[in-house]
Amino acid sequence: MYRILEKDYLNSTVARIVVDAPLVARKAKPGQFIILRAKADSKRIPLTVSAQDPEQGTVTVIYQVVGAGTMELDTLSAGDSLHDFVGPLGKPSDLEGLQKACVVGGGVGCAIAYPIAKALHEQGCAVHSVIGFRNKDLVLLEDEFRAVSDQLRIVTDDGSYGEKGLVTNALESLIQAGNAYDRVIAIGPLPMMKFVSLLTKKHGIPTVVSMNSVMVDGTGMCGGCRLTVGGEIKFACVDGPEFDGHLVDFDEAASRARMYEEFETRARDEACRLLNREED
Ligand SMILES: Cc1cc2nc3c(=O)[nH]c(=O)nc-3n(C[C@H](O)[C@H](O)[C@H](O)COP(=O)(O)OP(=O)(O)OC[C@H]3O[C@@H](n4cnc5c(N)ncnc54)[C@H](O)[C@@H]3O)c2cc1C
Ligand code: FES
C-alpha cells in the first residue's frame with residue numbers, strides 16, 4: 001500500500017498528491033510515469049511523475065478529474081493509501097545538449113511539461129515556456145513555471161488571463177521574434193500537439209510530443225497504446241511516451257482515443273451515481 005502524505009488542489013478539477021513510494025522516488029526521471037490503482041478493483045491510471053524526493057522517498061503526481069477512474073481516485077485524502085503505484089515506466093526525456101528550448105503545455109498537459117522545463121533549467125538550458133488554458137479558473141503551475149523559465153507566456157482561449165489566443169499564436173510570435181530553439185517540447189491535448197508540430201515543421205524546429213494514449217498494462221503487452229510514428233508501429237508505454245512530433249500520426253491517435261468514448265461515458269455516469277449515493 002502507498003500512503004498519500006499530502007493532497008492539495010491546483011484548480012477546481014486538478015489535484016496534486018504526494019505519495020510515499022521510496023523505490024519509485026529513487027529511480028524516476030523526468031518524462032517517466034507511474035500506473036496507480038486507488039483500490040484493488042480500481043481502474044489503472046497512468047500519471048506522469050511530477051516530482052520526486054529520493055531522500056524522503058516521496059513521489060508527486062498531478063491528476064485532472066475527467067472520468068470514473070480519476071473520480072474514484074479523488075475520493076482519497078491525505079492519510080489514505082493507494083492499492084498500487086507501479087513505476088517508473090516509459091523512457092525518460094532525452095534532454096542532453098539542449099541550449100535553448102521552448103516548452104509548450106496545454107491544460108493538464110502543463111503538469112507533464114513542468115518537470116521537463118525544470119530539468120532543462122537545472123542543466124543550464126535557456127527555457128521559454130508557453131502555457132495555455134481555456135480560461136483563468138483553469139490556470140495551474142504558473143509560479144512553478146515562472147521559477148524555471150527565462151520567458152513565460154500564458155494564454156487563455158477567452159482572454160480572461162494572460163494573452164487571448166492559443167499556444168500556437170504565442171509560439172509563432174516567439175519564433176518570429178528571432179528565437180532559435182534547439183527543440184520545442186509540446187504536451188497537451190492531441191489537436192494542440194498536432195498544430196504545434198505543424199507549425200514547428202514549417203520552421204524546421206525539432207519537436208517532441210508526449211503521447212497519452214490509453215494504457216492498460218504499461219509494459220508493451222496489451223497493445224492498447226499502439227500508435228504510428230514515421231510509418232512504424234510503436235507502443236507509447238515502452239517506446240515513449242515522447243516521440244518526434246513531426247512523425248506522429250495524430251489523426252490515427254485521435255480516432256483510437258475516440259474508440260472508448262461510449263464506455264467512458266457509461267463508466268463516468270455510473271461513478272457519479274455511486275458517489276452521489278455514498279454522499280446521501
Ligand atoms: C503516459 C501517460 C501519462 C499521463 N499523465 C497524466 C498526468 O500527469 N495527469 C493527468 O491528469 N493525466 C495524465 N494522463 C491521462 C490520465 O491517465 C487519464 O486522464 C486517466 O486515465 C483518465 O481516466 P478516467 O477513468 O478518469 O477517465 P475516462 O472517462 O476513462 O477517460 C477520459 C479520457 O482520459 C483518457 N484515458 C482514459 N483511460 C486512460 C488510460 N488507461 N490511459 C491513458 N489515458 C486514458 C482518454 O483520453 C479518455 O478519453 C496520462 C496518460 C498517460 C498515458
Ligand atoms: S499499455 Fe499495453 S502495450 Fe502499452
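Here the residue numbers are simple positions, counted from 1 along each chain's written sequence. The order in which chains are written sets their letters, starting at A; the order in which ligands are written sets their numbers, starting at 1. Per-residue local features are limited, in this predicted model, to residues with pLDDT of at least 70; the limit for side-chain atom pairs, both in listing and counting, is 80 or more; totals at the level of whole chains, interfaces and linings are taken over all residues. Heavy atoms throughout the structure, all of them, feed into the side-chain values; hydrogens and water do not.

Peer 1: What should I look at first to understand the site of ligand 1 in this one?
Peer 2: Near is defined per residue: the residue qualifies when any heavy atom it owns lies within 4 Å of the molecule or strand. Near ligand 1 there are 23 residues, and of these Lys43, Pro46, Gly69, Thr70 and Met215 occur at the shortest range. Pairs of N or O atoms are called polar contacts if they sit within 3.5 Å, as long as, within protein, a hydrogen donor faces a hydrogen acceptor (for residues adjacent in sequence, only side-chain-to-side-chain pairs). In the environment of ligand 1, an oxygen atom lies 2.4 Å from a nitrogen or oxygen atom belonging to the side chain of Thr70. One of the backbone N or O atoms of Met215 is found 2.7 Å from a nitrogen atom in ligand 1. Reported accessibility uses the Shrake-Rupley method at a 1.4 Å probe radius. Residues are deemed covered only where the shown protein chains occlude them. Bound to the protein, ligand 1 loses 87% of the 850 Å² it would expose on its own. Sorting elements by how many residues they give to the shell around ligand 1 places strand β4 (residues 45-53) first, with four residues. Along the lines of polarity and charge, the residues of the shell around ligand 1 split into twelve nonpolar, seven polar and four charged. For the shell around ligand 1, the two domains that each supply at least three residues are domain 1 (2-89) and domain 2 (100-258). Strands here are runs of E lasting at least two residues and helices are runs of H or I lasting at least four, both read from the DSSP assignment and numbered beginning at the N terminus. Residues were grouped as follows: Ala, Val, Leu, Ile, Met, Phe, Trp, Tyr, Cys and Pro as nonpolar; Asp, Glu, Lys and Arg as charged; and all remaining residues, including Gly, as polar. Domain ranges listed in this record stem from an automatic or a database domain assignment.

Peer 1: How should the domain arrangement of the chain be read in this particular structure?
Peer 2: Interface size, as often reported, equals the accessible area lost upon joining of the parts. As far as domains go, the chain holds domain 1 (2-89) and domain 2 (100-258). Once you take the C-alpha centre of each, domain 1 and domain 2 turn out to be 21 Å apart. At the interface, 16 residues of domain 1 touch 18 residues of domain 2. It is Asn11, Phe33 and Thr48 that lose the most area in domain 1 upon contact with domain 2, and together they represent 26% of the buried surface on that side. Think of a salt bridge as a Lys or Arg side-chain nitrogen and an Asp or Glu carboxyl oxygen that are within 4 Å of each other. Counting every contact that joins domain 1 to domain 2 gives one salt bridge. Arg16 serves as the salt-bridge partner of Glu144, at 3.4 Å between the closest nitrogen and oxygen. Connecting domain 1 to domain 2 are two residue pairs in polar contact (both at pLDDT 80 or more). Contributions of two or more residues to the side of domain 1 that touches domain 2 are made by β2 (14-20), β3 (33-37), β4 and β5 (58-64). Looking at which element gives the most residues to the side of domain 1 that touches domain 2, the answer is β4, with four residues. The residue inventory of the side of domain 1 that touches domain 2, partitioned by class, reads nine nonpolar, five polar and two charged. Contact between two residues is taken to exist if any of their heavy atoms lie within 4.5 Å; hydrogens are not considered. Buried area: the accessible area, evaluated with a 1.4 Å probe, that two parts lose upon being put together, summed over both parts.

Peer 1: Explanation requested: helix α3 (residues 109-122) in the structure shown.
Peer 2: Each α-helix winds once per 3.6 residues, and so residues spaced three or four apart point in a common direction. The length a helix should cover is 1.5 Å for every residue beyond the first. Taking 1.5 Å of rise per residue, the 14 residues of α3 would be expected to cover 20 Å, and the 21 Å separating its terminal C-alpha atoms lies within 8% of that figure. Burial status follows relative accessibility: with a 1.4 Å probe on protein chains alone, a residue under 20% of its type maximum counts as buried, one over 50% as exposed, and anything between as partly exposed. Extensive coverage of α3 is indicated by the burial of eleven of its 14 residues. Of the residues trailing α3, Gly124 is marked for its positive phi of about 90°.

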